Amino acid sequence: MTIPSGLAEGPIYLDYNATTPVDPTVVEATLPYLTGEFGNPSSDHRYGTTPHAALEHARDQVAALLSAPDGRIVFTGSGSEADNLAIRGVVLASGTDRPHVITQTTEHPAVLQACQALQRWHDAEVTYLPVDADGLVDPSALAAAFTDRTVLVSIMAANNETGALQPIEELARLTHDHGAVFHCDAAQTVGKIPLDVTTLDVDLLTVVGHKMYAPKGIAALYIRPGLALEPLVYGGGQEHGLRAGTENVALAVALGTAADLAAADLAAGGHERIQTLRDRLHDQLAARLPGRVELNGPAAARLPNTLNISILGVTGHSLLAATPGIAASTGSACHAGDHQPSPVLTAMGLDAERSLSALRLSLGRWSTPADIDRATELITTTTGSRD
């Protein structure tokens, strides 16, 4: 497996949830559509034939990864755009007076701000469900939140900070029992664990390229057959009439190729390998820093690559600043040097001290046992191992 050049000489990369390196195989597949195969996929002549076929093949590749034999795959420029198309598209197409939307407090800002815009501009009502100490939505809270005006529920599959996996299948069933549409932002989930939109019974699902080894600037929205959406971009009718503008064939091919690679990796147990490395990192840090390492989020129901921990006695941002050999992140926000606790961890009930001590360590395709051992050494040296 070829290592991307950007990882060769840099610090140990433990920030795969923020973005993934582009897989060299994806780069190779993309290049022809930036050079010789430059045609408009809507053109009827020879220059459009190959790009058109490549675009449709990429849709099939993404659909296959989602186990979605039916439905539409609409390419977008980002996960945020896909979320907005789903949320705004359902609400405006519903024709409901004062439509009601349900989401959760720890959703991605693309979902939360789309809901807030609907409140401002379209007289929508939005219910923001709380989460428990593991960051999970209680299905009974969702069941109690429905009204006769509820048109949409939007709950992410996995939290980007803690990796917490929501009970999507149950939440989608409740949504359909009440006659509403279910959208799932699966940006952090697709490619990391097996995912089947038929089993989950979701109506809309967001896929993001740069979370699964494709470039930034490409994403997709799965849309259940027969579901009507108001377009987000009006114009020439591309992308099933939902996202006008000449398609970026090169990036669509990149996402399709990344989907094929993800399917092969999952079939080979790549997610299990990464989970073993994640648990090795957690166990080693806990052993080297006894009594100081606290897991944030569920122990079991989470992404196999994600470890969110608080190391008591040190803030996450100061630890990372003092450990340049590691590239990782915290969930805290910084405004003019003032660090604020992560809204996700705060919603889970963690106090400010523990939230500010949090680190998100996320692994990926090129993580190795040597990386894990070296990261353990660097972190424990910075924080002061008590061996």
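Criteria and thresholds
Residues numbered from 1 in each chain as written. Predicted model: local features only at pLDDT ≥ 70, side-chain atom pairs only at ≥ 80, totals over all residues. Heavy atoms only, no water. Buried < 20%, exposed > 50% of the residue type's maximum accessible area, 1.4 Å probe, protein only. Helix = DSSP H or I, 4+ residues; strand = E, 2+ residues; numbered from the N terminus. Pairing = 2+ DSSP bridges. Right-handed = clockwise from strand over helix to strand, strands pointing away. Axes fitted to C-alpha atoms, helices over the stretch in contact; angles between N-to-C directions. Left-handed = near helix turned anticlockwise from the far one by under 90°. Contact = heavy atoms within 4.5 Å. Nonpolar A, V, L, I, M, F, W, Y, C, P; charged D, E, K, R; others polar. Phe/Tyr/Trp six-rings, centres within 6.5 Å; stacked < 30°, edge-to-face > 60°. 1 Å grid on protein atoms, 1.4 Å probe; cavity = no way out; pocket = protein on both sides within 12 Å on 5 of 7 lines; lining within 4 Å. Points joined across faces, edges and corners; volume = space filled by probe spheres on them.

Participant: Can you walk me through the pairing of strand 5 (residues 150–154) in this structure?
Facilitator: Strand residues, when the strand is regular, have side chains that alternate between the two faces of the sheet. Of all five residues that make up strand 5, five are buried, and the element is covered over most of its length. In terms of strand pairing, strand 3 (residues 100–104) meets strand 5 through three bridges, oriented parallel. Residue Val101 lies in a different strand from strand 5, and its bridge partner there is Leu152. In the sheet, strand 5 pairs with strand 6 (residues 181–185) via three bridges, with the strands oriented parallel. Residue Leu152 lies in a different strand from strand 6, and its bridge partner there is Val181. Handedness of the crossover joining strand 5 and strand 6 through helix 7 (residues 168–177): right-handed.

Participant: Help me understand the packing of helix 3 (residues 46–65) against helix 9 (residues 249–267) in this model?
Facilitator: For any two helices packed against each other, the geometry comes down to the angle between their axes and how far apart the axes lie. Interhelical geometry of helix 3 versus helix 9 gives an angle of 35 degrees and a closest axis separation of 8 Å. Judged by the sense of rotation from one axis to the other, the crossing of helix 3 with helix 9 is left-handed. Contact residues: helix 3 offers Pro51, Ala54, Leu55, Ala58, Gln61, Val62 and Leu65, while helix 9 offers Val249, Ala252, Val253, Leu255, Gly256, Thr257, Ala259, Asp260, Ala262, Ala263 and Leu266. When the residues that make up the contact of helix 3 with helix 9 are grouped by side-chain class, the tally is 14 nonpolar, three polar and one charged.

Participant: Looking at this structure, I do not really get the packing of aromatic side chains. What am I missing?
Facilitator: Think of a pair of aromatic rings as described by two things: how far the centres are apart, and how the planes are tilted against each other in angle. Per the counting criterion, the structure on display carries four aromatic pairs. On the basis of an interplanar angle of 35 degrees and a centroid distance of 5.3 Å, the ring pair of Phe38 and Tyr47 is categorised as tilted. Classification of Tyr47 by relative accessible area gives partly exposed; the value is 46%. When the centroid spacing of 5.4 Å and the interplanar angle of 80 degrees are considered together, the rings of Tyr213 and Trp366 count as edge-to-face.

Participant: Any chance you could explain the pairing of strand 4 (residues 125–129) here in plain terms?
Facilitator: Sheet topology places strand 3 next to strand 4; five bridges connect them, and they run parallel. Paired with His100 across the bridge in strand 4 is Glu125.

Participant: Honestly, the layout of surface pockets in this entry has me stumped. Any pointers?
Facilitator: Summary: where empty space remains is shown by rolling a probe the size of a single water molecule over the atoms. Here the largest pocket defines a volume of roughly 620 Å³. Mapped onto the lining of the largest pocket, the elements with two or more residues apiece are helix 4 (79–94), helix 5 (109–122), strand 7 (204–208) and helix 12 (343–347). The biggest single contributor to the lining of the largest pocket is helix 4, with three residues. By residue class, the composition of the lining of the largest pocket is 11 nonpolar, 16 polar and six charged. Size it by volume and the second largest pocket reaches roughly 170 Å³. In terms of lining, the second largest pocket is formed by Ile3, Leu7, Pro11, Ile12, Tyr13, Leu14, Tyr16, Trp366, Ser367, Thr368 and Asp371.

That is the geometry; function is a separate question.
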